[in-house]
Amino acid sequence: MTALIIDDEIQIRRLLRMALESKGYTVREAENGTLGLQDAVFHKPDVILLDLGLPDMDGVEVLKRLREWSQVPVLILSVRDQESVKLAAFDAGADDYVTKPFSTAELLARLTAIQRRQGQDETACLSVGGLVLDPVHHEATLNGQPLKLTPTEYAMLAQLVRHAGKVVTLKHLLRAVWGPQAEQQSHYLRVYASHLRHKLEGSTLEIKNEPGIGYRLEER
Amino acid sequence: MNTEDTFKPKPAREPVPTHVVGQFSWGLTIIFVLASACWVLLPYTGYLFSALVFLMVIVLAGTRWNRGPVLAMAVVSALVWNFIFIPPQFTLHIEKPQDIIMFAIFFVVALSMGHLITRLREREAALERHHREREELLAQKHRAELLAESERLHRTLLDSISHELKTPIAIIRTALDGLGQGNPYAAEIETANRRLQRIVENFLEMTRVESEALKPHLDWCEIGDVLHATTTPLHRELAEHPSIITGIESLPLLMLDSRLLAQALGNVLHNATLYAPAGTPVEIAVSLTNNTLEFRVHDHGPGLALGIEEHLFDKFYRAPDSPAGGTGLGLAIARGLMRAMKGDIEAHNHPEGGAEFMLRLPVKTRTT
């Protein structure tokens, strides 16, 4: 498993290298966007950690160029915490966003979540933390007990489970569950998210809201 | 701006401005004075001389005065010339045909001179006005460009300063994670680093609030999400102060900026945990009346000292006997954020003791 760190701060790169190597990653480093893109082309990393404030070009620009030919999971690691910056990164194809300063444990968990192979087998059962979804029959069980869900609730939960641990943007959820014409109808999501929260009460699963960005299904 | 008035159709019976009345009387006076002078000189100069003098005076008047008085001078001087100077004198009757023609020419020349010169002056004034307006517009455009430029510079500067300040904090945090738990020295560094992070974030947020670059991003929100976003970053502080939240069960979806509201509320909550003794609860009562969302945050601390209510939300203000650490920015930011969302915040002592902060926000609602 190879991780590429694109960050101009040598200390951040060194510390991330140590943390990642302790988890068994092979680590590559790049100190600017151009070198990062070159490295991504030649060494095909399995995951990329990308800083936004690079000396030669903006991280979002690096991401856009990368997305022209690669679907490699990308985790944005930045000091910028404004909603608009995060949204721009997600629109450019980021898989998740962690603001500096960050906790190493959280970073590693996010990294694992974005690397999980997604949608390889549409008919395979999806499961996380005692919740099992059966995509063929559209049925769900929670800790072995059947969980009653409406078709919309099922569709939304399926999206969250498929991307468990990873933020799913409002736009993505609305598109996937209600269709492209519903992209502005964020109130649908609020209602169903609260329904789902009620139904998941008492389990180890939590539907977390990332203000202005989206939802994340996490296991406590 | 009387020159303008002559262009426009006048509303019925508008009083004539006093300076125009002055011009009329001056005009007539000058004509009579000149007529008298020419009368004295008549034996030496002949009657044509006075006509030229009148024309000159009309031209001079035209360069300064309004059209009305100038045209009146033209008419009066023609009549005076005819009456006093053209033979036979002291009648309006003219004997010689060439004198009739001369009188007609004088009349036409005097009127058209008066008309042309006043119009020329009006044109000049209009041109100058246009010129001034254009310069004004250009200056405005220049100012707007400067403002946009300074805003961009400000943002770039803020970005780079926040990068410079937060990066070392991030490095310390990550290095401490690498050291692992259990080392008491590391724990002290971590506490200090956390404090530093809070200060840096407060300074940056204060700058953002003050630069008015803060534009609320409204969306439908569930109040539970907002409170969740408020309490999660404060879990350490709230561990010693159980938060009791009431009034959120029946609330509909609300149109608001959940990030800004969560931050304002978080600052108030953090403030409450600083002053209230450990173990005492912080009560948050949420209510919605007439599209105004209200949060009442009530702590069981010592309450507000007499007379500090006005200063509480001032930048860098720290109440007497405040615990060490803290910049006096948290509540100033909370107020800045609430005002950016067209809401407000105030504080007073609760009748049962402790301080109570009220945050109010106008919201649109949507029943589900």
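Shown above is the structure to which this text applies.
Quick notes on the rules
- Residues numbered from 1 in each chain as written.
- Chains lettered and ligands numbered in written order.
- Predicted model: local features only at pLDDT ≥ 70, side-chain atom pairs only at ≥ 80, totals over all residues.
- Heavy atoms only, no water.
- Core = buried A, V, L, I, M, F, W, Y, C linked by side-chain atoms within 4.5 Å.
- Buried < 20%, exposed > 50% of the residue type's maximum accessible area, 1.4 Å probe, protein only.
- Helix = DSSP H or I, 4+ residues; strand = E, 2+ residues; numbered from the N terminus.
- Contact = heavy atoms within 4.5 Å.
- Buried area = accessible area lost by both parts, 1.4 Å probe.
- Salt bridge = Lys/Arg side-chain N within 4 Å of Asp/Glu carboxyl O.
- Polar contact = N/O pair within 3.5 Å; in protein donor to acceptor, adjacent residues only side chain to side chain.
- Patch = residues over 30% accessible without salt bridge, like charges linked within 9 Å, V, L, I, M, F, W, Y side chains within 5 Å.
- Areas by Shrake-Rupley, 256 points an atom, 1.4 Å probe, with all protein chains shown as cover.
- Phe/Tyr/Trp six-rings, centres within 6.5 Å; stacked < 30°, edge-to-face > 60°.
- 1 Å grid on protein atoms, 1.4 Å probe; cavity = no way out; pocket = protein on both sides within 12 Å on 5 of 7 lines; lining within 4 Å.
- Points joined across faces, edges and corners; volume = space filled by probe spheres on them.

Caption draft 1: Quick look at the nonpolar core. Leu256(B), Leu261(B), Leu293(B), Phe295(B), Val297(B), Phe357(B) and Leu359(B) are the most contacted members of the largest nonpolar core, which has 46 residues in total. With eight residues, helix α9 (residues 258–275) of chain B is the largest single contributor of residues to this core. Each residue touching Phe357(B), except ones within four places of it in the same chain, is listed here: Val268(B), Asn271(B), Phe295(B), Arg296(B), Val297(B), Leu312(B), Phe313(B), Leu331(B), Glu346(B) and Ala347(B). Counting residues in each nonpolar core, the second largest holds 29 residues, with Ala158(A), Leu173(A), Ala193(A) and Leu200(A) among its members.

Caption draft 2: Local environment of the interface of chain B and chain A. Contacts between the two partners involve 28 residues from chain B and, on the opposite side, 28 residues from chain A. When chain B packs against chain A, close to 2,600 Å² is buried across both sides, 56% of that on carbon and sulfur atoms. Contact with chain A buries area across many residues of chain B, yet Ile171(B), Thr174(B) and Asp225(B) alone supply 20% of it, more than any other trio. At the junction of chain B with chain A, the criterion picks out six salt bridges. Between Arg80(A) and Asp159(B) there is a salt bridge; the shortest N-O distance is 4.0 Å. Put simply, chain B and chain A have 10 residue pairs in polar contact (both at pLDDT 80 or more) between them.

Caption draft 3: Representation of a nonpolar patch on the surface in the model. Residues and elements named next belong to chain B. A contiguous nonpolar surface patch, about 990 Å² in accessible area, is contributed by Trp39, Val40, Leu41, Tyr44, Phe49, Val75, Leu79, Phe83, Phe90 and Leu92. Among the elements of the structure, α2 (18–45) and α4 (67–85) are those that each provide at least two residues to the nonpolar patch. Broken down by element, the nonpolar patch gets its largest block of residues, four residues, from α2. By the secondary structure assignment, Trp39 is in helix α2. Owing to a relative accessible area of 40%, Trp39 belongs among the partly exposed residues under this scheme.

Caption draft 4: A look at the packing of aromatic side chains. Residues and elements named next belong to chain B. Applying the stated rule across the entire model yields 10 aromatic pairs over all chains. On the numbers, 6.4 Å between centres and 70° between planes, the contact of Phe54 with Phe85 is edge-to-face. Highlighted residues: Phe54 in helix α3 (residues 47–62) and Phe85 in helix α4, separated in sequence by 31 residues. Owing to a relative accessible area of 1%, Phe54 belongs among the buried residues under this scheme. The class for Phe85 is buried, based on a relative accessible area of 2%. Ring centres of Trp81 and Phe106 lie 5.1 Å apart, and the angle between their planes is 35°; this geometry places the pair in the tilted category. Here Trp81 is found in helix α4, whereas its partner Phe106 is found in helix α5 (residues 97–179), with 25 residues between them in sequence. Accessibility classification places Trp81 together with Phe106 in one group, the buried group.

Caption draft 5: Here's a closer look at empty space enclosed by the protein. Applying the stated criterion across every chain yields a total of four cavities of 30 Å³ or more. The volume enclosed by the largest cavity comes to roughly 70 Å³. Around the largest cavity, the lining residues are Glu83(A), Arg190(A), Asn209(A), Pro211(A), Gly212(A), His217(B), Asp219(B), Cys221(B), Leu256(B), Asp257(B), Ser258(B) and Arg259(B). At the level of elements, β1 (219–221) and α9 of chain B are the ones that each hand at least two residues to the lining of the largest cavity.

The values are spatial; any link to function lies outside them.
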